[in-house]
Amino acid sequence: MWAASIARFLQYAGATGLFGAALFYLMLLPPDGNTSAGALRWPKPLLVASSLLLFLGALLSLAAQAATMNGISLDKLDMPSVSVVLTDTQWGHAIAARIALSFVTLLTVVLIKPSLRLWQATCLLGTVLLASFAWTGHGASTEGAGGAVHLIADIAHMIAAGVWLGALFAFLALLCLPKTQDLEQQTTLFNALKDFSGVGSALVAVLVVSGLINSYFLIGLDHIGQVFQSPYGVLLSLKLVVFSGMLVLAGLNRFRLTPALEKSIPAGDTAYAIAALRHSLILETLAGLSVLALVAALGMMEPPIAL
Ligand code: HEM
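These numbers were taken from a predicted model, which means no experiment stands behind them.

**Focus: the side chain of Arg-8**
Inspection of the secondary structure puts Arg-8 in helix H1 (residues 2–28). No salt bridge forms around the buried Arg-8; measuring N to O, its nearest opposite-charge neighbour Asp-154 is 7.5 Å away.

**A look at the packing of aromatic side chains**
Applying the stated criterion across every chain yields a total of eight aromatic pairs. On the numbers, 4.9 Å between centres and 85 degrees between planes, the contact of Phe-24 with Phe-171 is edge-to-face. With Phe-24 in helix H1 and Phe-171 in helix H6 (residues 146–176), this residue pair connects regions lying 147 residues apart in the sequence. One exposure class covers both Phe-24 and Phe-171, and it is buried. Measuring from centroid to centroid gives 6.2 Å for Trp-164 and Phe-243, while their planes differ by 70 degrees, and the two rings are edge-to-face. Here Phe-243 lies in helix H8 (residues 231–267) and Trp-164 lies in helix H6, a separation of 79 residues in the sequence. Take Trp-164 and Phe-243: they sit in the same class, and that class is buried. The rings of Phe-24, Phe-171 and Phe-196 are connected pair by pair, giving a single aromatic cluster. Its end group placed over the ring of Phe-133, Arg-98 keeps NZ or CZ at 3.9 Å from the ring centre.

**What about the pattern of salt bridges?**
Scanning the entire structure with this criterion turns up two salt bridges. Asp-75 is the salt-bridge partner of Lys-76, the closest N and O atoms lying 3.9 Å from each other. You can call Lys-76 exposed: its relative accessible area is 55%. Asp-75 sits in the exposed class, given a relative accessible area of 64%. For the salt bridge of Asp-195 with Lys-194, the shortest nitrogen-to-oxygen distance reads 3.7 Å.

**Observations regarding the coordination of the iron atom of the ligand**
The coordination sphere of the iron atom of the ligand contains the protein donors His-157 (NE2) and Lys-239 (NZ), at a distance range of 1.8 to 2.0 Å. Classification of the site at the iron atom of the ligand rests on its six donor atoms, whose angles at the metal span 84 to 179 degrees, yielding the label octahedral. In this pair, His-157 sits in helix H6 while Lys-239 sits in helix H8, placing the two residues 82 residues apart along the sequence. The exposure classification of His-157 matches that of Lys-239, with both residues buried.

**Side note on H8**
If you check H8, its first and last C-alpha atoms are 52 Å apart, about what 37 residues at 1.5 Å a residue would give, namely 54 Å. Maximal helix bending in H8 amounts to about 40 degrees, located at Asn-253. Taken from the residues just after H8, Gly-268 is the one with a positive phi, measuring 70 degrees.

**A short note on the site of the ligand**
Looking at the ligand, there are 27 residues lining it, with Tyr-12, His-138, Asp-154, His-157 and Lys-239 nearest. Side-chain polar atom of Tyr-232 to an oxygen atom of the ligand: 2.6 Å apart, as the coordinates give it. Spatially, the ligand is embedded in the largest pocket. Every element with two or more residues in the shell around the ligand is listed here: H1, H6, helix H7 (183–218), H8 and helix H9 (271–298). Broken down by element, the residue count for the shell around the ligand peaks at seven residues, all from H7. Split by residue class, the shell around the ligand holds 18 nonpolar, six polar and three charged.

**Regarding the side chain of Ser-280**
Tracing the backbone through its elements, the reader meets Ser-280 in helix H9. Taking relative accessible area as the criterion, Ser-280 reaches 5% and is therefore assigned buried. Other than its neighbours up to four places away in sequence, Ser-280 contacts Leu-249, Leu-252, Asn-253 and Leu-257.

Thresholds applied
- Residues numbered from 1 in each chain as written.
- Predicted model: local features only at pLDDT ≥ 70, side-chain atom pairs only at ≥ 80, totals over all residues.
- Heavy atoms only, no water.
- Helix = DSSP H or I, 4+ residues; strand = E, 2+ residues; numbered from the N terminus.
- Buried < 20%, exposed > 50% of the residue type's maximum accessible area, 1.4 Å probe, protein only.
- Lys, Arg positive; Asp, Glu negative; His and termini not counted.
- Salt bridge = Lys/Arg side-chain N within 4 Å of Asp/Glu carboxyl O.
- Phe/Tyr/Trp six-rings, centres within 6.5 Å; stacked < 30°, edge-to-face > 60°.
- Lys NZ or Arg CZ within 6 Å of the ring centre and 35° of its normal.
- Donors = N, O, S within 2.8 Å, 3.2 Å for Na, K, Ca; no water.
- Tetrahedral: all angles 85-135°; square planar, octahedral: opposite > 155°, others 65-115°.
- Expected span 1.5 Å × (residues − 1).
- Bend = angle between axes of the 7 residues up to and from the residue.
- Near = heavy atom within 4 Å.
- Polar contact = N/O pair within 3.5 Å; in protein donor to acceptor, adjacent residues only side chain to side chain.
- 1 Å grid on protein atoms, 1.4 Å probe; cavity = no way out; pocket = protein on both sides within 12 Å on 5 of 7 lines; lining within 4 Å.
- Sits in = over half its atoms within 2 Å of the grid points.
- Nonpolar A, V, L, I, M, F, W, Y, C, P; charged D, E, K, R; others polar.
- Contact = heavy atoms within 4.5 Å.

Here it is in structure tokens:
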């Protein structure tokens, strides 16, 4: 059902934005001054939009699942069929928890003023919300001894995805929202890019190792040979192609475009360097969102291990 995949995508985009952007404000923006998250205009609205996406996506996910489980279309849905899913299934319990927690998060980001306390609270709530996906996807599908390994790998995968995608959303806001960039903004942008590229390699390592563990439990060594014969295998391969594109763009930012910005700041001629970074980060973010869309569809399919 298309609605279930769209609902997963909205939730992935919302949860990665919520956790990753709040972490970005805490780790990569100065604690005070004109370019701190408390002084800039976009940090809080980005968190409000992310938590709203997550909350609405979780509600749509429940509706889509209830319709599928009752064999009816979304427009024929009624409360009894929804409450059966909520009360009688483990998936229903997990989605109920996510709906409740994402609503609390939405209230938190709306009611608390931009401050260190808001970023810390959002980061914590975002961590729990990201981890919760393991229980509504394939992350919790492995029984026995391997179950805990698969679960931990999937949670690590979600957190790493959140750090990367959330940072991309914040970098785009930093790059695209102020019409002109004064020296303070250019310096903050350069420092954030430099510091983020420092954690980049560790992020990629966590994504690849946890992704391989996910693949081991969901494809299985016996099915490796036929992986391209299953729609699941084709979509996962497509995901890895897009991921490789993100790696190339991230490398370009780190080794070419960020050093170019560093050189252009003292020369007072940053227009070209900033435009090049803006284009590259827009492409990397679109690729990241495509990965989330592919995974949203993957999560609705029977993995090869189950066939
Ligand atoms: C930018 C890089 C990546 C992002 C943003 C990303 C994101 C995600 C997300 C959001 C999930 C869903 C987890 C869930 O709902 O439980 C997922 C699952 C998965 N990822 Fe990744 N991932 C990335 C890289 C990789 C890599 C490099 C691999 C393989 C080496 C990989 C393999 C997988 C597998 C096998 C799954 C399970 C899919 C399923 O639910 O059936 N991912 N990924």
